[in-house]
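# Structural overview for review
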Amino acid sequence: MSCGPGGPIGPPEPIRPGARKVFCVKFQREMEGLDEVPFEGHPLGQKIYDSVSKEAWRMWLEQMKMIMNEYRLNLGTKEAQEFLLQQMDKYFFGEGAALPPDFVPPRTKA
């Protein structure tokens with residue numbers, strides 16, 4: 001699985017004046033960064049804050065919903081939380097998050 005965005009890349013969204021900038025690991029360009037550290041106190045949260053754009057984070061949230069639903073994760077368990085953190089790390093900094101073996105992407109309307 002690719003580490004880049006799933007769809008076509010359009011022109012970069014303008015960075016708001018005064019907004020924090022990061023070199024986004026997903027888009028490989030300077031973009032607007034997150035406003036706060038996700039998972040504060042966890043090393044992955046700081047790593048994401050330092051190198052993931054708001055747009056890439058929005059993409060992850062959609063991916064995360066799919067992973068949670070397809071794997072039927074119960075985030076009340078430590079195992080599910082760790083699995084999701086591993087997938088997040090892979091999504092941004094590795095080979096990409098794992099899709100379930102029987103996952104079929106939704107058809108696009110023609």
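Now for a look at the structure at hand. (Residues numbered from 1 in each chain as written. Predicted model: local features only at pLDDT ≥ 70, side-chain atom pairs only at ≥ 80, totals over all residues. Heavy atoms only, no water.)

## Re the packing of helix α2 (residues 54-70) against helix α3 (residues 78-93)
Helices that pack against each other are described as a pair by the angle of their axes relative to one another and the distance between those axes. It is at 11 Å that the axes of α2 and α3 come closest, and there the two elements cross at 140°. By the criterion of interaxial angle, the relationship of α2 to α3 is oblique. Handedness of the crossing formed by α2 with α3: right-handed. Listed contacts from α3 to Ala56, Trp57, Met59, Trp60, Gln63, Met64, Ile67 and Met68 of α2 are Phe83, Leu84, Gln87, Met88, Tyr91 and Phe92. (Axes fitted to C-alpha atoms, helices over the stretch in contact; angles between N-to-C directions. Helix = DSSP H or I, 4+ residues; strand = E, 2+ residues; numbered from the N terminus. Parallel < 35°, antiparallel > 145°, perpendicular 65-115°, else oblique. Left-handed = near helix turned anticlockwise from the far one by under 90°. Contact = heavy atoms within 4.5 Å.)

## Observations regarding helix α1 (residues 43-51)
Among all positions of α1, only Leu44, Gly45, Ile48, Tyr49 and Ser51 are buried. Against the buried residues of α1 lie β1 (21-24), α2 and α3. (Buried < 20%, exposed > 50% of the residue type's maximum accessible area, 1.4 Å probe, protein only.)

## Considering the pairing of β1
Burial along β1 is one-sided: Val22 and Cys24 are buried, and none of Lys21 and Phe23, which face the opposite way, are. Where β1 lies against strand β2 (residues 29-32), four bridges are found, and the strand directions are antiparallel. Looking across to β2, one finds that Lys21 is bridged to Glu32. (Pairing = 2+ DSSP bridges.)

## A look at unusual backbone geometry
For Gln28, which is not glycine, the phi torsion reads 55° and is therefore positive. The exposed category is assigned to Gln28, whose relative accessible area is 51%. One non-glycine residue, Arg72, lies in the positive phi region at around 50°. By secondary structure assignment, the location of Arg72 is in the loop between α2 and α3.

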